[in-house]
Amino acid sequence: MTDSNGQFRADLRDLLDKALHSGNLRTWSGGLLTASGRVLDDRFKDDAIAALEQYLITNSGLPDDEISDRLLNAFAAEVYRVCCDEDQSLRVSYNGVMWLMEAWRYLAQVNLADDDPRVVLPVCAAIGTGVHAVAFQGVAEGARILMHLASSALRRVRDVIPRGFQQMLAENWPPTIHELQRYAHIGDAWQYAAAVLAVAEPLLLADRAKALDALDLHHAILSAWRRMPPALRRTESGQYLRRVLPGAIGVLLAAERRSGFAAAQTWLAWGDAEITRVVRESVASPPLAGYEEAAFIRQSFGNGRS
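Position labels on residues start from 1 in each chain and follow its written sequence. Per-residue local features of the predicted model are confined to residues with pLDDT of at least 70, and side-chain atom pairs are confined, for both listing and counting, to 80 or more; whole-chain, interface and lining totals are unaffected and use all residues. Hydrogen atoms and water are omitted, and side-chain values are computed over all heavy atoms in the structure.

Caption draft 1: A look at the overall build of the chain. The helix count covers DSSP runs of H or I at least four residues long, the strand count covers runs of E at least two residues long, and both are numbered beginning at the N terminus. Summing up its helical and strand segments, the chain has 16 helices and two strands in all. Our radius of gyration is a C-alpha quantity, and the globule rule it is checked against amounts to 2.2 Å times the number of residues to the power 0.38. For a compact globule of 306 residues, the expected C-alpha radius of gyration is about 19 Å, and the chain comes in at 21 Å, within 12% of that figure. Each principal axis of the C-alpha atoms in the chain carries an extent, and together these give about 65 × 40 × 35 Å. Note on exposure labels: buried denotes an accessible area under 20% of the residue type's maximum, exposed denotes more than 50%, and partly exposed covers the range between, all computed with a 1.4 Å probe on protein chains only. Residues counted as buried form 51% of the 306 residues belonging to the chain. Any two residues whose heavy atoms approach within 4.5 Å at even a single point are treated as in contact. Restricting the contact set of the chain to residue pairs at least 6 apart, pairs at least 24 apart contribute 72%. For the chain, the exposed surface amounts to about 13,800 Å²; the carbon and sulfur share of it is 50%. The accessible surface values rely on the Shrake-Rupley method and a 1.4 Å probe; as for residues, cover is taken only from the protein chains in view.

So, in structure tokens, the structure goes:
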């Protein structure tokens, strides 16, 4: 298997360019509308598209390992190169990339095994969607697509959604955090989880103003979870949100200690036993565990009581 990021980029540059210039790309990506939804019709898939897919599948690392991070980084870099290439027609740099990502996104709704190598294709679609949104400043549309993918039945697709958002946040924070905050009010548990994980990146929170934006986002999502009926908290999506919240809050508290722990006191004062446990878990590991604010939380809410 290729293990050089440079080699991945060289290979993908040629394969991606050929696929994006395919005369059948638009027809194939549109799929067929069936009683069970839209599906791809591979009768329209030509050799150039098939070669790109086979390369990604072969070098994915699946089923024996995690998807190759080097492969995903190389794919993102090459998609960005195409999108920003002023010598490319918009049919290729804008429409072609959008059509290719659209086709692979259909696979996110297919009942594939989690270690099926074809899972790399919808994963690349999520990565590519974030890159496309960055290159063309299409934050609202990129957020809409990524939030739709956040409820995919495929775990690896769900796991990569925050990465797509992080590309957008790093390049254009204000409109992207605005979209995440909007989904904190209109979204579901899968989307709440995608939002908190998207901002759980220390490099993004080095700027205090951004850390405070992330704090507002967490407050809105915890408020929504507080209002969520117990039956919804017990669903798969509700349990997933419960699992990711402590780690995400911990990253936030480490980035913004003063305002973060003040917000944590507010969340504890709500008297919701599950939120109390989430906050306690968020400060249970170093370095937060050594903070005097964390000691106060342990002493005052030691049994997870409301």
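On we go from here.
Caption draft 2: Structural detail: the nonpolar core. Residues belong to a common nonpolar core when they are buried Ala, Val, Leu, Ile, Met, Phe, Trp, Tyr or Cys residues joined through side-chain atoms within 4.5 Å. Ranked by internal contacts, the top residues of the largest apolar core, which has 108 residues, are Leu52, Leu56, Leu100, Trp104, Phe165, Leu180 and Trp267. If you tally residues by element for this core, the top one is helix 6 (residues 120-136), at 10 residues. Sequence-distant contacts of Leu100, that is, excluding residues within four places in its chain, are made with Leu16, Leu20, Leu25, Trp28 and Leu52.

Caption draft 3: A look at the pattern of salt bridges. Each reported salt bridge corresponds to a side-chain nitrogen of Lys or Arg within 4 Å of a carboxyl oxygen of Asp or Glu. Tallying each qualifying case throughout the model produces 20 salt bridges. In this structure, Glu78 and Arg81 form a salt bridge, with 2.5 Å as the shortest nitrogen-oxygen distance. Taken as a pair, Glu78 and Arg81 lie in helix 4 (residues 69-84) at a separation of three residues, close to a single helical turn. Take Glu78: its relative accessible area is 0%, and that puts it in the buried class.

Caption draft 4: Here's a closer look at unusual backbone geometry. Of the consecutive residues Leu62 and Pro63, the connecting peptide bond is found in the cis state with omega at 5°. Looking at the element boundaries, Pro63 is found in the loop between helix 3 (47-58) and helix 4. Omega for the peptide link from Pro286 to Pro287 comes to 0°, which places this bond in the cis form. Counting through the fold element by element, Pro287 comes out in the loop between helix 15 (273-282) and helix 16 (292-300). We note that Gln137 has phi near 55°; this positive angle belongs to a residue other than glycine.

Caption draft 5: Spotlight on the layout of surface pockets. Its boundaries defined by the atoms lining it, the largest pocket holds a volume of some 400 Å³. Lining the largest pocket are 19 residues, and of these Glu102, Arg105, Glu141, Arg144 and Ile145 sit closest to its centre. Of all elements in the fold, only helix 5 (90-106), helix 6 and helix 7 (139-149) reach the threshold of two or more residues within the lining of the largest pocket. Under the grouping applied here, Gly and all other residues not named as nonpolar or charged are polar, the nonpolar ones being Ala, Val, Leu, Ile, Met, Phe, Trp, Tyr, Cys and Pro and the charged ones Asp, Glu, Lys and Arg. The class makeup of the residues in the lining of the largest pocket is eight nonpolar, seven polar and four charged. In this analysis a 1.4 Å probe is tested at points of a 1 Å grid over the protein atoms alone, and where it fits but cannot get out there is a cavity; an open set with protein on both sides within 12 Å along at least five of seven lines is a pocket; lining residues have an atom within 4 Å of a point. Grid points are joined across faces, edges and corners, and a volume is the space filled by probe spheres set on the points.

Caption draft 6: Quick peek at the environment of Leu169. Turning to its location among the elements, Leu169 is positioned in helix 8 (residues 155-171). For Leu169, a relative accessible area of 0% corresponds to the buried category. Other than its neighbours up to four places away in sequence, Leu169 contacts Thr176, Ile177, Leu180, Ala198, Val199 and Leu204.

Caption draft 7: Geometry of the side chain of Arg233. By the secondary structure assignment, Arg233 is in helix 12 (residues 230-233). According to the relative accessible area criterion, Arg233 is buried, its value standing at 16%. Any pair of N or O atoms that falls within 3.5 Å is considered a polar contact. Within protein, one atom must be able to donate a hydrogen and the other to accept it, and sequence-neighbouring residues count only if both atoms are side-chain atoms. A distance of 3.5 Å separates a polar atom in the side chain of Arg233 from the backbone oxygen of Arg226. If we ignore the near neighbours within four places in the chain, the residues touching Arg233 are Trp225, Arg226, Met228, Gly238, Gln239, Asp272 and Glu274.

Caption draft 8: Looking closely at a nonpolar patch on the surface. On the surface, a cluster of nonpolar side chains totalling about 270 Å² of accessible area is made up of Leu90, Tyr94 and Met98. The residue Leu90 is located in helix 5 in this model. Only residues whose relative accessible area exceeds 30% and that form no salt bridge enter a patch; like-charged residues are grouped when within 9 Å of one another, and nonpolar side chains (Val, Leu, Ile, Met, Phe, Trp, Tyr) when within 5 Å.

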